[in-house]
Structure formats: structure tokens, C-alpha cells
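Observations on the three-dimensional arrangement
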Amino acid sequence: MSKTIRQTGLVAAGCQPWNLNMVTGRGPSFAYCSTLAVYIYEYDEVYGEYHLTSINATHSKTITSISWNLVHTELFATSAADGRICVWDVKKRKCIKSHDKLTNIPKCICWLPSNKSQTIAYSWSRGPISVWDTTSDRVSTVENTSSFGSDISIFRFHHTDASKLAVGHIDGSLSFFKSGIRNKHALKASEEPIQDNAVVALAWDPLSLDYLLVSRKQSGTQLVDAKSCCVITTFTLPSKMVSTTTMSWIDSAPGMFLTGDRESGVLRLWSASQSTPLQSFSLKSTGFSCLHVLASLQNTGSSKMKKSSSQNPPPIRDRVHSSLTSTSTVHSVPPARVVCTFSDGGIGLYNLQLGKWEFLREQGHIETIFDCKFKPDDPKSIATASFDGTVKVWSVDRLTTVNSTIGNEGVIYSIAWAPGDLNCIACGTRKRGVFVWDFGNSKIIRRFKDHGTCTVYCVAWNQRDSHRLASCSDDNTCVVRRLDGELQQKFHHPDAAFGCEWSPTDKDLLSTGCNDGIARVWDMSKTTTGPAHMLRGHTAKVFHVRWNPLIKNILCSGSDDKTIRVWNVTTENCLSVLNGHTSNVRGLAWNHEVPYLLASGSWDSTLKLWDTRSGTCIDTVHDHGADVYGLATHPLNPFLLATSSRDSTLRMWSLSPFTEIFFLKILAEEPPHMIMETPEQAMKNETSLHLTGNMSKQLLAQLSERKNNDWIKLRWFSELFCSSYRLENLWDLVCVVRGQRESSLSKSYKHGILHRKHLTKYKTSNAQEIEHSIAHKSGTGYRQNEKSLMRAAELHLKLGNMKRHCEILVQLNQWERAISLAPAVSTQYWAELSRKYAASLEEENNKDAVKYYVASGSVDDAVRFLTSQTELQDALLVAQSASEGNMPSSVCIDGDCNGNSPESGTVNTQQELVSRCCSELANRFYHNAHPFQAASIYLTNNDFDSAINCLVKANKLSVSLCLARNLKGDFYGTRVAARWMAQKCETTGHYDIAIKLLQLFDPEVSTNTSWSSLHALCARCDVIEENKRQEIYNLAGLSTPAEYTNQAVAEESRGDIVQAMRCYLLSNQPQNGLELSLQLLTNKMNNASWTVDDILDESEACMCVRSSVLKQQSNKNLRVKLLTFSAYLGAHLALRREYTEIVKPLLQHAKSMCDLCHNNDNSFPILPSSIQDELHAWVNMSDDVIESDVITRMRRRAGEETQSCMRGVAVVDGSNLPSHSDVHVSTISGKQINGAPFFLEDGRSVLSLNEALMWAKVNQFSPTGSGARICPF
């Protein structure tokens, strides 16, 4: 079974700025530390991108240091304020070893360099530096590293020599150790002590045994000789107001390193031989916290550059001398990817040579996020409040920061939006009272000091009276004030007041939670100062209270007694008690469409979804790594849930699996009003799931006014149930391809994925807007050249030899000047020169190559280069512009250069170019688990089949059916989606909806066919009651089971075994059908030349036998044989459909089942030894080795998959999102699962949802071997 709550979005925590050593890397992978977790990014070689692949969290307090193993690249270590050092395995994504016996907090850790490096050094205070052997668990001390005169801030062993150690201290001094020789505080920052001048960075020169870089807070960066204890170079910053906080050597450019400024995000490139920076890059306005240069990747930089970087450079002293004698030497920016983290929690990967971000998350919270709230009039905006002292507003669409407070308000516990479009947020703080922030104008407009310096735990803005603002505090009061500061009420409590909320239906009712365990309701319309209602029952403090938005006078309260209580306020009765959390309850949020649906968060790190009618917990997720504080929903997007946590993340969750039955009913043409009822009716225990909220009522009212009812109905309800902002863009594109007016497009369309016919139009408009909004600056810089060659070039110019003049300019690397003069030779020569220059720029990965490819008409090359740089949307724009004739014509080098319009064949070529770009970009989106965006890209090119197939593969089956109905075509992917959705309905007992879907969307369904998806559905039907089964057969238009029994006997007597098997499966004697089907498969597979296509039809029919028949003990042998056939054929189908991840598990499953078969029947056609040979060949298959005969035979048997909706791995949305602590390991692959898990029928075995989908597509039976079916659709 799959999860009811599925994660769809993640705002990762920012990198904490208060400790050193928070970023590390090895090879192309890197990691950074938030407060409680380590975020691992790995390089995707297929698409040339970095992805967040895991979040590793086990520490209970702030992480203090991280270090990656130099030898064993899968290992890294962390230390934390909980007094632990943990060793992590990147591949296993878990802590494999920990040192828990520390008496102090380690401030710095470092792996010792050696060929078998399994030892970690760590230190605190003034020493000593201890060494922990992770293999033997023994701890020793580095000799003479105790009793320093100043605390250790950082230390580093030499990367090749473990006997060399440099130690930096908080007073700015350095200590050096080598083979027992010690030099404590041998090198001080200055003669006179400097305040706050700690050593913040140490880095040994990769090419030297004695040189290292050191950076201090105040006195800057120096190159130091550890052997002689002297300073070689002091590096000078532009101003005394600038200081360095972090640095890193560049492995691709020996002698070069980078530093990051503390005050602003300026990245500086240095040479060890020069005291001033070579170049500065202003990346952000906020200062650096850490940086790390990654190892060079093979596709970075030109081959020429790689060759030069691999040569052994001269020693630094020689480099210094060289720089002094030739100060005019031109430097080039080296190829390097730089991990940059900033003081505002931002993190990015900067490509130094290309001068662009490969990815950038502008900001992130660096501490606990206590609260999150959607903007009342805009479900696409959400605000968060954090312990880090900031309030941030995020775009739900892009999960990026829209705005943020400065961050000088101290801890912020609670926020509340002003009603409507007032664009203000009230904030409750720990020491500074309440303030109101105008986020549109980025300024604080009000401050309230009613609570003095006491902590304000909660603020609530009255949504029915915008002048009323309430706040609760540990001064035992809840204060209600007007925005102008006028005090309206001060409600006194016997103890600290924690939570408060205004009633959504009565502007005068205010509820509060108190430390005495009582929830109170206050009535502002009454003159009495006491509470109108007191709700007693909790045995510990009530932290939050929430009014039900759909039913008046229903309130819930969450408490430190680990329970949630639901109250009738009028009668003061407790309606239900929700037990299940194992720690204090914090976040609470009612659903705005289903009145009994409540979500809760707790200190036990879980998010739970409850049915408050029965007190049942519907689902529990553990993806947060710490206390879950904030929960939020929005009435306009009721099935999207936001949560915030002490793990510093903001996460988005979809309840679409829970509400999918609604969508299926709409698709099955059930009237919309049938899925709706009143909230009071929905609260009855015996009622089924219905909608009762304002959003569904508005949709129903608007549908009644629309003529094009079906189209609007499908769009609106899909957006309501699927809870994805990307759907809006998809439906806009459907509007375009349907030929509807542009006025019907959403306001956000021009900012999303555009149809190709709008692409150049909107981009041109965008360019014009930019031209009108900014001033242009132009200028060209020229390199200094050899004077003699320049004189020769000038001479050729005066002699009229323009071609030779241009050739010399090229030789001097003055390409631009040469190209500007080349038309004087000929147009052909200009085009040739432009293409050569573009090729030269491409070798350096310089984005200017595009300019010259486009100018010379080499659109193919421009698109190819942009694609190689992962600029797929730009590649599509160039290709589309070329197809519209907007690009310069191609200038032929060998003759015909006079045409002004494309040749007849060129149009088709350019159309193919657009299609290729669309395919590349769509594949990128699909691979990154964004199926709606991938489908949108296909729609931009009017490729309807691919759009639907993409949604089908990503398990967006309901949306694919909606799309197909509106595009009005016969798509194979639609019938596949309908069949899988019908199976989903079978599992929930909705046979009527399943049959209706098949009748509507599967054209192969007909009463005249002997076997169809309707026959398969009825054959699988496990309904025990004969009358109910007969009713299902009647709905499907089939004969009765008794009639099928008679027909089966007749067909068998005529010798039609296939038809007899099918009739038996539909009859009251399905066991006979199972026996016949196994006989059929045995006969066909005894032929050595069998193929999947030969037996596919029969095998699909026999797999439809009822599960109840298979589970009977008397049919055990038959079950084992069927499961063997199913797994073995499934392995071949997986090979055929490119589901490479599950070929091995399917073969293993087939082998285990086959062994059981041969224990009872030696004549079984599949041999265990054959499966073992195939399994061995598959496991040992390599891209570098010619395929074995065994694999070749398997591929021949498997054949080619002709339907693209069945070909390619399944990637569902959210499957790329790692979790903190809900770590499940796949039963079939042994890999840790990202995204939603899929639990098998035993409740223990688990697969990733991607694995489960691929498995079910080729083998519908569970990997447990029980005979149960799996249905992850």
C-alpha cells in the first residue's frame, strides 16, 4: 500500500554560519551541514547536474565539524554538541559507527591521511588532539598537543604526511608539529595582540610538503612555510573593512586559490605568487560562511587547459620569482565548480570559468522553523518564522525566497498574516514583543510592547476584523489590540498562555491554550473578563488550539500530554481524543474540504493525519528529522499541506492519494454534486468520503454557469485534487493546443513553459521590457600583444593583405577584431572565422560561443552547445527562432552564400531540431521527477502522444485521462492508464467506477471480444458474495459465472484450450482455468525458441486468476508455478522495457520460486540452473564488455517494446526528495528509499514507489511470494 501523504516539495535547510568546517567534498560530491543534518549532493553524469541525494541526521544537537575521508570516498565524519562523532557511509546513507564517550564538545575533526585511513583526529578547548581508530575503537592522544596557550579553532594534517600537523588558535597564532618536533604558537599574527583574530581557515598547498595558507578574522590571509615558521606572502585585500572568512585551493589550477569575504558575497581569485587578487566576483550581497572547490570533472574546461593543469608546476618559490619578473603575465579563469554558502543560509554551486550559478538557493533558514502560514488571499505564497531571527516569504511554485526580514529581531516563534491583500505579517518574538512587517515594502510598520520583554508564543490576526490582533505570552496574558495600538482586552490566565486563534465564523470568539492544561474560549462581545468556555481534559499544557473551518464551534487542542482533543465548544464536551504521538504535540491544521480530517505535528518528529470521527490515525510520516512545529493549509488549495520543523526545513505534502477517488468519480462522469454534502453529514461515522468546503462549492456554482462544462470541470477538479502548481501551466498549454483565446490563459502562463508559437513572442516582449528598464553599457577590453607581430599585422593592413592581417590577429588571440574585419576578405571567410572562434570558445566552455554560432548561421552547433551546457530551455528558444526564420541564414563556406531564406529541406531540419530540444528538455524534467513540466514541454511542440505517455509513466494516470479527453485523440497511453486506474479501483472495492473508466477510455473493450480489460477485471474479482459478483458481471456486460462454466466445458471439448482457460477464469471454477493456463505456458516454453510475444496474451490472461484461489493451501503447487512464470516473464519484460533496476530482483525471485517448483515437479520447463546463469550474466554485465550469449538470448526472447508509454523507468514526483529519518531500505534492491515508500501486504516489506510501479507493470504479484497482488498505481 502507498502512503496517503506524499511529499512533493522541500526547502532544504541553509548551511549554518557559526561553526568552521561546515562544507566538504570528495571527487564530484559535496556535503554541507545545517544545524542538525548533513546534506549530500552528488553529480548526475547523465544530465550533468548536481542533485540532493540524501539528508543524514542522527545528532540531537548542533553539528560542529565535518570531514570527508581522503581514501575511502564513501565515508565522512561529523561531530556535534551532543558530544558524539559519527562516521557515515554515503552509499548506505546511514551512520555506521559512532564515538559516544566524549567528555567535551569536539570543535574540529579531521581524518588522518594514509592508505588505510580509518582514523579520526578531534580536539576541543586547548587540547589535546585525540585520535580515534574507528576500526579498533581505541583512542590515543597526539603527543605534545595539550596545554596550548590559546584554544584551538582549527587544525589540519598534511594530506600526504600524517606526521605533519598545523594547528590554528583563536588568538591568531599557529602551532606546527612534525615527527615529534613541536613548535607551539610558533607563528603569531602580529607582535601586538589583536582582538577577535582567530584562525578561521587552514589549507596545505596541494603541491608542497611545507607550505600552507592561513586566514584570520582580522589580519587576513598569508602563505606560510611551516618548516621555517615564516611568512612567504601576505595577501592584500582592497580595504581594511574587508576580511576573509573562508578559502580553498583550486585543484585544476596549481598555485591558485579562492577566498570568500565575510562582509559581502565577493569571491576572490588569487595566485600564490601574487599578493593582490587576480579577479573578484560579486556573487551575493550577504557574506560567505564557507566555500569548497570541487574536483574537476571531465567535461569541465578545454582539453588544452586540462593538459596544462596535469603537468607538474614549479615550486612556489619559483612561481613567486616568475611573477616578479613577468608581472604582465595574463591569467585565465580556471575551470572550477565552487560550493558557496552564505551567512543568510544561501547555498549554491558556482561555475567559476563560465561565470554562472549551476544552481543557487538564495536563502534558507539556519535554525528551527517554528511557524509557517499561507497568505490568506494567495495559496502560492507562504511565510515562515525561525529561531534564526528571520521571517521569510516563499513562492510555493518555485520554493524560492520572495522576501526576508533583516534578521535582527531575535527568536521569532509565531506569525500571522493580515486578512486579504494587506501584505502584512504580525510576528511574535522571544524578547522584543510583537511587530508588524510590511513585506511588500520590506519594513516594520508597527511595534507593540504590551508584554514587555516576556516571550510571545503566538500571534493571531482576526480574519473577519482586520483591526484586531491577539498575542499570547508567558506573562500569563492574551492581549487583544487594535493596529493603532489601542488596547481592547487583556485576558488573564493562571499560567503562561501559549496558543491563540480567532474563530473563522465569529469575529468575537478567541480561543487560547494555557500551561495549566485548559483550553479557553473568550467572547469579545461580552463585558465580562472571564472566559466564556473552559475546556478541561488535558493533563499537561495546551500549546496550540485550532478552530474547525467547516463546522462552527468545533475546536481542537494539542498538548504536552501527547494527545489531541476535539471539543464541542458550546457544550464543552470532548468529542474525541487522538492518541498516537509519543511526545509533545505542536502543529495542528484542519482540512478545508473534509471536516473530520486533521493533521498534527509533534516533538516525536512525525506528521500524522487523523480521522477525528473515530480517532483513527490514517497515516504517519517520519521524513522530518526533528520536532514538527508548524502546519498550514489553504482553503483555495485544500489538499496541499505545509510543515516546518526543528530540522530547519519547510516541506510540502500532497493528499492526492487520499482524494484520488473523487477524481476517478469525476472521470467516470459521476455528477459533481454526488461527491459533495454538508459538513454535518460528513461527520457521521458511516458516511463515505465527500467534499464540504467553500472551494468545491465555488467550483460547482461556476460549473453550472459554464457552457463548456466538461472541459472546465476536468481542469478545475484536477487542479483541486492534485495539489500541484505545475498543473496550471499544463492546462494553459492544453488551452493553446485547443485553439482557445489567449484571454483564457492564466496570469502566470508567460512566466512558465510556453507553447512554441508563443515562445519567441513572449521572449521578445521580455527583452523589450528589459531594454526599457535598464541602461546599456558597452565596452571592449583587449589583451596586450607582442609588439613585433602587431607591427607585421599593421604592415599587412597597409599593403591591403586583409586576410593575413586577420590571421595574425587570430594568432594574437584578438578574435573579435579579426572577425570585425573579415568581411573585407569575403562573407565566406567571415563565416569560417566566426565558426572557428565559436569552436575555440566552446573548448573553453565559454558561453559566448553561442553568439558566433548564431551569427554565422550554425544553429545546429548553437543548440548542441547549449544542450551540452544543460541550458535546454535556451536551446529550445534558439531552435524555435530558427524554425520561424528569425535566425541569420547559413553562410556556406564552399560556395552558395546568397540565399536569404532557408532551403526547402532546412525547414524540416529545423523542425527536427525543435523536437529534439523539446525531447531533451522533457527528459530532463521527467528525470528530475517533474512530470507535469515534462508533459508541458511536449505540449509546446504539439506532441500529444509523448505528453500523455510521460504522465502515464510517472503514474499521473488521472491527469493523463483528463488530458486525453480534452485533446480528443486515440492514445495508447490512455487505455493503459485506464486499465491501471481500474485496478486501483478494484483494490478499494469501487468496481462500478473501474468498469466505467474502462468503457470510456479503453477502445478494446467490447462485448464481442473474447478477452479484454473488462474480462480481466471480472476474472480478478475476489468478491465472495455471489449476488455482488453477478452485479459486477452485469455492469461489465458479461455473462454470468455459471454460463461461463458451461461455455468453458464446451470450448474444452472442442479443443480450444485458450478460450476454455479464459472462460474457466471467469467461471465458478477458476482453478481449472489456472491449471489449463499453466499447461499452455509449459507447452510453449518447452520450445527453445520461445519469445515473450509468443506467450504474452496467454500469460496476461492466466495472471488474472483470483488471489483467493492462489492463497488456498491445496493450490500451493499451482501458485508456485504461476509465480515462477510471472517473475521469469517479468524479468524479460523488464529487460524489454528498460526497467534495468528490477531485472536482477525479478530473476532472483524467479529462482527462489523455481527451486520450489522443481522440488515437486522435475518436468517444469524453466530450470533453476538457467535462471542462475542469466542472473550471473546480468550481474556481471558491463558497458565495456561485449554482451554474453546468455544476455543476447534474453534480449532475443524479450523482443522490442513498441509502446513508448511502457518503455523507460518510472519516476514519480517526490521520488527524488530525501528524508531525514524515515529511512526505508528496499526489500528487492537493498537501496535506501527516497520519496514515498510502498509497503507490501505483510506490512514489513517495502519498495520504493518507482520500483513498485515497474514491478507491477511486468509482474502483478507481490515479491513476498504470497500470491497477493500489488497495485501501486
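Residues numbered from 1 in each chain as written. Predicted model: local features only at pLDDT ≥ 70, side-chain atom pairs only at ≥ 80, totals over all residues. Heavy atoms only, no water.

Before going further, it helps to spend a moment on the packing of aromatic side chains. This structure, assessed with the given rule, holds 40 aromatic pairs. Look at F235 and F257: their rings are 5.1 Å apart centre to centre, the planes differ by 75°, and that puts the pair in the edge-to-face class. Taken together, the positions of F235 in strand β21 (residues 230-235) and F257 in strand β23 (residues 256-261) put the pair 22 residues apart, joining distant regions of the chain. Of the two residues examined, F235 and F257, each falls in the buried class. Geometrically, the ring pair formed by Y457 and F543 is edge-to-face, given 6.5 Å between the ring centres and 70° between the ring planes. Separated by 86 residues along the polypeptide, Y457 in strand β38 (residues 456-461) and F543 in strand β46 (residues 542-547) bring together distant segments of the chain. Members of the aromatic cluster, each reached through a chain of ring pairs, are F30, Y32, Y39, Y41, Y43, Y50 and F359. Lying over the aromatic face of F148, K184 brings its terminal NZ or CZ to 5.0 Å of the ring centre. One Lys or Arg, R586, reaches over the ring of F543 and ends 3.9 Å from the middle of that ring. (Phe/Tyr/Trp six-rings, centres within 6.5 Å; stacked < 30°, edge-to-face > 60°. Helix = DSSP H or I, 4+ residues; strand = E, 2+ residues; numbered from the N terminus. Buried < 20%, exposed > 50% of the residue type's maximum accessible area, 1.4 Å probe, protein only. Lys NZ or Arg CZ within 6 Å of the ring centre and 35° of its normal.)

This part covers the sheet that holds strand β5 (residues 49-56). If you walk across this open sheet you meet the four strands as β2-β3-β4-β5, and the pairing is antiparallel. The outermost strands of the open sheet, each flanked by one partner alone, are β2 (23-26) and β5. Taken over all neighbouring pairs, the strand axes of this sheet differ in orientation by 25° on average, direction set aside. Bridge analysis of strand β3 (residues 29-33) against strand β4 (residues 38-44) gives four bridges, and the strand direction is antiparallel. Each bridged residue has a counterpart across the sheet, and for F30 the counterpart in β4 is Y41. (Pairing = 2+ DSSP bridges. Axes fitted to C-alpha atoms, helices over the stretch in contact; angles between N-to-C directions.)

So, on to helix α27 (residues 1092-1102). If you check which residues of α27 are buried, you get V1092, I1095, L1096, E1098, S1099, A1101 and C1102. Buried-residue contacts for α27 involve α25 (1057-1066), α26 (1070-1085), α29 (1116-1136) and α32 (1189-1198). (Contact = heavy atoms within 4.5 Å.)

All told, the structure shown has eight cavities of 30 Å³ or more when counted by the stated rule. The space that makes up the largest cavity amounts to roughly 230 Å³. In terms of lining residues, the largest cavity is bounded by 17 residues, among which R6, S656, E660, N955 and K956 are the most central. Mapped onto the lining of the largest cavity, the elements with two or more residues apiece are α3 (656-667), α6 (709-722) and α19 (957-967). (1 Å grid on protein atoms, 1.4 Å probe; cavity = no way out; pocket = protein on both sides within 12 Å on 5 of 7 lines; lining within 4 Å. Points joined across faces, edges and corners; volume = space filled by probe spheres on them.)

The four strands are arranged β34-β35-β36-β37 in an open sheet whose pairing can be described as antiparallel. On the outer flanks of this sheet lie β34 (412-417) and β37 (443-448), each paired with one strand and no other. Going across the sheet, the axis of each strand differs from the next one's by a mean of 25°, ignoring polarity. Bridge count between strand β36 (residues 434-438) and β37: five bridges; the pairing is antiparallel. By the bridge assignment for β37, D438 is matched with K443.

Looking now at the environment of F176. Relative to the helices and strands, F176 is located in strand β16 (residues 174-178). Ignoring sequence-local partners within four residues, the contact set of F176 consists of L165, A166, I181, R182, N183, A186, L187, L212, V224, A226 and C229.

Another aspect to go through is the nonpolar core. One finds L667, F721, L997, L1017, L1122 and L1147 to be the most contacted residues of the largest nonpolar core, which totals 217 residues. When residues in this core are grouped by element, the largest group, 12 residues, is from α29. Excluding its chain neighbours within four sequence positions, the residues that come into contact with L997 are L664, L667, A668, L961, A978, M981, C985 and D1002. In this structure, V38, Y41, L52 and L294 belong to the second largest nonpolar core, which totals 32 residues. (Core = buried A, V, L, I, M, F, W, Y, C linked by side-chain atoms within 4.5 Å.)

Taking 1.5 Å as the rise per residue, α29 with 21 residues should run 30 Å; its terminal C-alpha atoms sit 30 Å apart, in good agreement. Counting buried positions along α29 yields 18 of 21 residues, so the element is predominantly enclosed. Of the residues trailing α29, E1138 is marked for its positive phi of about 70°. (Expected span 1.5 Å × (residues − 1).)

It is worth spelling out the side chain of S834 at this point. By secondary structure assignment, the location of S834 is in helix α12 (residues 827-843). Classification of S834 as buried rests on a relative accessible area of 1%. If sequence neighbours within four positions are ignored, S834 has contacts with I819, Y852 and S856.

Before going further, it helps to examine the confidence of the model for the protein chain. Per-residue confidence for the protein chain gives a mean pLDDT of 88; residues scoring 70 or more make up 92%. Low pLDDT, under 50, characterises residues 299-330; the stretch is placed with 40 contacts to residues that sit more than four places away or in other chains. Contacts for the low-pLDDT stretch residues 893-904, under 50 throughout, to residues beyond four places or in other chains number 10 contacts. (pLDDT = per-residue confidence, 0-100.)

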